[in-house]
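# Understanding the architecture of this molecule
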Amino acid sequence: MERLNFRILTISVAFLFTFFLFATIATLFFLQKPNEIIKALKSDEMIFSLKLSLLTAFLSTILVILTGILIGYALSRFDFPGKSIVKSILDLPMAFPELVLGLALLLLFGSTPIGNALSNLGIRIVFTKLGIVVAQFFTALPYAVREIYAAFEEINPRYELVARSLGYTEFETFRKVTLPMAKNGLLASTVISFARSIGAFGAVLILAGGNYMNTEVLPITLYLNISYGNVGMAITSGIVLVVISFAAILSLEKLGERNGPVRS
Amino acid sequence: MALLEVKNLSIDLGEFHLRNISLTVEKKDYLAVIGPTGSGKSVLLEAIAGFYPTKAGRIILDGRDITTLPPEKRGISIVYQDFMLFPHLNVFDNIAFGLRKITSSKVEIEREVKTIAEKLHIDHIFHRKVSTLSGGEKQRVAIARALVVRPRILLMDEPFSALDEKTRENLRAIVKKAVREYDTIHDTAVVHVTHDFEDVFALANKVVVMNAGKVVQIGTVEDIFCKPTSDFVADFVGTNFVRGKVLESSDITAVRVGNVVIYTTDVAKPGIEVTLSIRPEAIILARELGESSAQNILPARVMKIRKRGHLLWLILDVDGLMLRAVITPNAAELLGIKEGVKLYTMFKASNVRVVG
Ligand SMILES: Nc1ncnc2c1ncn2[C@@H]1O[C@H](COP(=O)(O)OP(=O)(O)OP(=O)(O)O)[C@@H](O)[C@H]1O
Ligand SMILES: [Mg+2]
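Residues numbered from 1 in each chain as written. Chains lettered and ligands numbered in written order. Predicted model: local features only at pLDDT ≥ 70, side-chain atom pairs only at ≥ 80, totals over all residues. Heavy atoms only, no water.

## With respect to the overall build of chain B
What counts here: Starting at the N terminus, helices and strands are each numbered in turn, a helix being any DSSP run of H or I of at least four residues and a strand any DSSP run of E of at least two. Throughout this description, buried means an accessible area under 20% of the type-specific maximum (1.4 Å probe, protein chains only), exposed means over 50%, and partly exposed covers the range between. Residue contacts follow a heavy-atom distance rule, with two residues in contact if any of their heavy atoms lie within 4.5 Å. Computed with the Shrake-Rupley method and a 1.4 Å probe, the accessible areas treat only the protein chains shown as cover for residues.
A count of helical and extended segments in chain B gives ten helices and 20 strands. Along the first, second and third principal axes, the C-alpha atoms of chain B reach 75 × 50 × 35 Å. Taking all 356 residues of chain B together, 52% fall into the buried category. Contacts spanning at least 24 positions in sequence make up 66% of the contacts within chain B whose residues lie at least 6 apart. Summed over its atoms, the accessible surface of chain B is roughly 15900 Å², and 50% of this surface lies on carbon and sulfur atoms.

## Here we look at the interface of chain A and chain B
Where interface size is quoted, it is often the accessible area lost as the parts come together. Going by this rule: Computed with a 1.4 Å rolling probe, the buried area is the accessible surface lost when two parts are put together, summed over both parts. One speaks of a salt bridge when a side-chain nitrogen belonging to Lys or Arg is within 4 Å of a carboxyl oxygen belonging to Asp or Glu. Pairing of N or O atoms within 3.5 Å defines a polar contact, subject to two protein rules: one partner must be a possible hydrogen donor and the other a possible acceptor, and residues neighboring in sequence count only if both atoms are side-chain atoms.
Contacts between the two partners involve 21 residues from chain A, matched on the other side by 24 residues from chain B. Overall, the association of chain A and chain B removes approximately 2100 Å² of surface from exposure, summing both partners, and the carbon and sulfur fraction of that is 67%. Counting across the interface, chain A meets chain B through three salt bridges. Across the chain A-chain B interface, the total number found is five residue pairs in polar contact (both at pLDDT 80 or more).

## Some words on the domain arrangement of chain B
All names here are of chain B. What counts is decided by this rule: Annotation comment: domain bounds sourced from an automatic or database domain assignment. Residue classes follow a fixed rule: Ala, Val, Leu, Ile, Met, Phe, Trp, Tyr, Cys and Pro count as nonpolar, while Asp, Glu, Lys and Arg count as charged, and any other residue, Gly among them, counts as polar.
Domain parsing of chain B yields domain 1 (4-232) and domain 2 (238-354). Taken over C-alpha atoms, the centre of domain 1 sits 36 Å from the centre of domain 2. Across the boundary between the two partners, domain 1 contributes five residues, which contact six residues of domain 2. The interface formed by domain 1 and domain 2 contains three salt bridges. Two residues, Asp-231 and Arg-306, come together in a salt bridge whose shortest N-O distance is 3.7 Å. For the interface between domain 1 and domain 2, the tally reads one residue pair in polar contact (both at pLDDT 80 or more). A per-element tally of the side of domain 1 that touches domain 2 places helix α8 (residues 221-226) first, with three residues. A class-by-class count of the residues in the side of domain 1 that touches domain 2 yields three nonpolar, no polar and two charged.

## Thoughts on the pairing of strand β8 (residues 189-193) of chain B
All names here are of chain B. Formally: Pairing between strands is defined by DSSP: at least two bridges between the two strands are required.
Within β8, five of the five residues are buried, which leaves the element mostly enclosed by the surrounding structure. The two faces of β8 match: Ala-189, Val-191 and Val-193 on one face and Val-190 and His-192 on the other face are all buried. The sheet contact formed by strand β3 (residues 30-34) and β8 spans four bridges and is parallel. Across the sheet, the residue bridging to Ala-32 is His-192, located in β8.

## Here's the deal with the pairing of strand β19 (residues 342-347) of chain B
All names here are of chain B. As defined by bridge partners, strand β15 (residues 284-286) adjoins β19 across three bridges and the pair is classed as antiparallel. Bridged to Ala-286 within β19 is Tyr-344. Relative to β19, strand β16 (residues 296-308) runs antiparallel, the two being bridged by six bridges. Considered in β19, the bridge of Leu-298 is made with Thr-345.

## Here's the deal with the side chain of A:Glu160
Summarising the element assignment, A:Glu160 is placed in helix α8 (residues 157-165). The contacts of A:Glu160, once residues within four sequence positions are left out, are A:Tyr73, A:Arg77, A:Thr173 and A:Thr178.

## Some points on the packing of α8(A) against helix α9 (residues 170-181) of chain A
All names here are of chain A. The criterion, for reference: Fitted lines through C-alpha atoms serve as axes, helices being fitted only where they are in contact, and the angles separating the N-to-C directions of these axes extend from 0 to 180 degrees. Roughly parallel covers angles under 35 degrees, roughly antiparallel covers those over 145, roughly perpendicular covers 65 to 115, and oblique covers all other angles. If you view the pair so one helix is near and one far, a crossing is left-handed when the near helix is turned anticlockwise from the far one by less than a right angle, and right-handed when it is turned clockwise.
Close contact between α8 and α9 brings their axes to 9 Å; oriented N to C, the two are set at 140°. Between α8 and α9, the crossing angle belongs to the class labelled oblique. For the crossing formed where α8 meets α9, the hand is right-handed. Of the residues in α9, those in contact with Tyr-159, Glu-160, Ala-163 and Arg-164 of α8 are Glu-170, Thr-173, Val-177, Thr-178 and Met-181. Grouping the constituent residues of the contact of α8 with α9 by class yields four nonpolar, two polar and three charged.

## Details of the site of ligand 1
All names here are of chain B. So the rule is basically this: A single heavy atom is enough: if one lies within 4 Å of a molecule or strand, its residue is considered near that molecule or strand.
Around ligand 1 sit 13 residues, and of these Thr-37, Gly-38, Lys-41, Ser-42 and His-195 come closest. Here ligand 1 has 630 Å² of accessible area as a free molecule, and 61% of this is covered by the chains. Across the shell around ligand 1, the residue classes tally to five nonpolar, six polar and two charged.

## Quick word on the sheet that holds strand β10 (residues 214-220) of chain B
Residues and elements named next belong to chain B. Ordered in space as β6-β7-β8-β3-β9-β10, the six strands form an open sheet in which the pairing is mixed. Two strands in the sheet have a free side with no partner beyond their single neighbour: β6 (76-80) and β10. Neighbour-to-neighbour, the strand axes of the sheet open up by a mean angle of 15°, direction not taken into account. Direction of pairing for strand β7 (residues 153-157) relative to β8: parallel, over a ladder of five bridges. Counterpart to Met-156 in the pairing with β8 is His-192.

## Topic: the sheet that holds strand β20 (residues 352-354) of chain B
Residue and element names in this part refer to chain B. The antiparallel open sheet is built from five strands, whose spatial order is β13-β12-β11-β14-β20. Only two strands of the sheet have a single partner each, and these edge strands are β13 (260-264) and β20. Sheet twist, expressed as the average angle between the axes of neighbouring strands with direction ignored, equals 45°. Examined bridge by bridge, strand β14 (residues 273-278) and β20 share three bridges and lie antiparallel to one another. The residue bridging Ser-277 from the neighbouring strand is Arg-353, located in β20.

## Remarks on the packing of aromatic side chains
All names here are of chain A. Defined as follows: Pairing of aromatic side chains here covers Phe, Tyr and the six-membered ring of Trp, requires ring centres within 6.5 Å, and sorts the geometry by plane angle: under 30 degrees stacked, over 60 edge-to-face, intermediate tilted.
In total, this model carries 18 aromatic pairs over all chains according to the counting rule given. For the ring pair Tyr-73 and Phe-174, a centre distance of 4.7 Å and an interplane angle of 70° mean the geometry is edge-to-face. Remark: Phe-174 occurs in helix α9 and Tyr-73 occurs in helix α3 (residues 44-77); sequence separation between them is 101 residues. Of the two residues, Tyr-73 and Phe-174, neither departs from the other in class, the shared state being buried.

## Observations regarding the confidence of the model for chain B
The criterion, for reference: As a per-residue measure, pLDDT tells how confident the predictor is, with possible values from 0 to 100.
Across chain B, pLDDT averages 93, with 99% of residues at or above 70. Of the two predicted TM-score estimates for the complex, the pTM is 0.87 and the ipTM is 0.86.

Next up, the structure:
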């Protein structure tokens, strides 16, 4: 009897939570009249924000994946002094409030020697569009590294040894064996990175400033319009964010399906 | 000149060390590596392939010092127990994988892949995904992939362990033939790690026994199985192996081994040399001769008694032939067995196997 009650409790909570999640998303989509959503979509601000979001998230995803592949491979395949320190520092941003991350980046790229050196080279990060990419990059990277590291860990190094014995150098082996075999993990981490990047808010706001029609990406649009009481615009940017994230997940899932699962 | 010389090789893997390994492999040798689990057989194989940095010692291949050469420059192929076929490539591309580094000629690649695939009977499955193959097929693809680049040395780490007995037997024959027929360029030698003595008898001409990171004995198959130089090797080999000449073979086969004649129910051609195996627990001991169904009744002397677990192992001198028998302490007491005691050994002809 007691067991049955417990079972009912757990299942009810699961359903309740799913219901609320569904209700939340539904509210987002149905509270606003369609013609108002379309109007908001057509506004200059929304078009600017959407374009900038796609562009920055696209760039930072590429950078995150490239960096993540290198770091993930190093962590998974090589032993080097300080490896465990590198590992825990990489995990740090995940436990770090995004706002604090943004603040730390703001300070770092401000008037420290690093910031000065970069601005001497003409690279300005603070309160610029480049800052958006940097903030997104740091927000998404730890998640990508985790995922990619796990994908590499799953590959028995003996596959690589076989390739080496058949005449392939370390780098050729990486390209012809390790990367293709890690494909599913790489696709997954691409989705995660893109979703993280396009949804990044705290760090972006602090480092890039959230300037109207300048460093304004979708989460910033949502935030700015809510603060002005402009609910229609805020909801619309929310909808756009959700749709883009879903689309990214669906398209990559389709891509993964077509290529088939990688397994021996 | 020897094809491969490993000289005083030491490898340090933290908790495990390969210590002072020396061995020689000649062209066309088929070297079996045996030893208990964790003794370093796989590490030795992978060290020869160049996957571990060496702490001391040298590896010489064809007169060239390859100790510090990376694996891709050695011309040594490796085959693993669990196949390690690339899941993102089909059968053909798996086999052609190494060839593509040697030649870019499509015609040549196709011809080479076909040739080796025919020898291994896998030329009908080129376009299959490797995940759809049976274990035996997978291992044949892996062996084809390793052989098609015509390696100086083919390393195999328990290649048949994941397969059932019938497939194993079938594969032994195919592999033996393929290696011999395909190696005309380099006189490929094989180093084959195995737990299955059948592999040794069917394939090898030389054997290395390893224990705790060291080579404890190296020699011909006969040396290892008939003349173990240490208790460890004798224990590891377990069964008594003796070698002799077949005298006659009618209802029963008589084999002359040193000064004694041993009968077996297995058949063998008169005149040839064979190896016989007699399990230690099949040997019965008696103080006096009585009626018995045993065809083999031989006088013996107890040389040594050793306690292993609950049982006693006896080393018997049977007119110059050393045999090992196992008995319970109770039986030993009943028979008054002590070192130096004389008694009779009996074993049935059907308990004597011709193994090679
Ligand atoms: N890369 C490595 N780093 C550290 N230790 C290792 C490494 N590879 C193997 N070892 C250790 O070396 C020892 C010998 O391993 P090895 O795989 O060579 O044994 P083996 O004789 O092949 O055993 P089995 O018959 O079970 O395959 C083991 O204790 C193993 O844990
Ligand atoms: Mg092993």
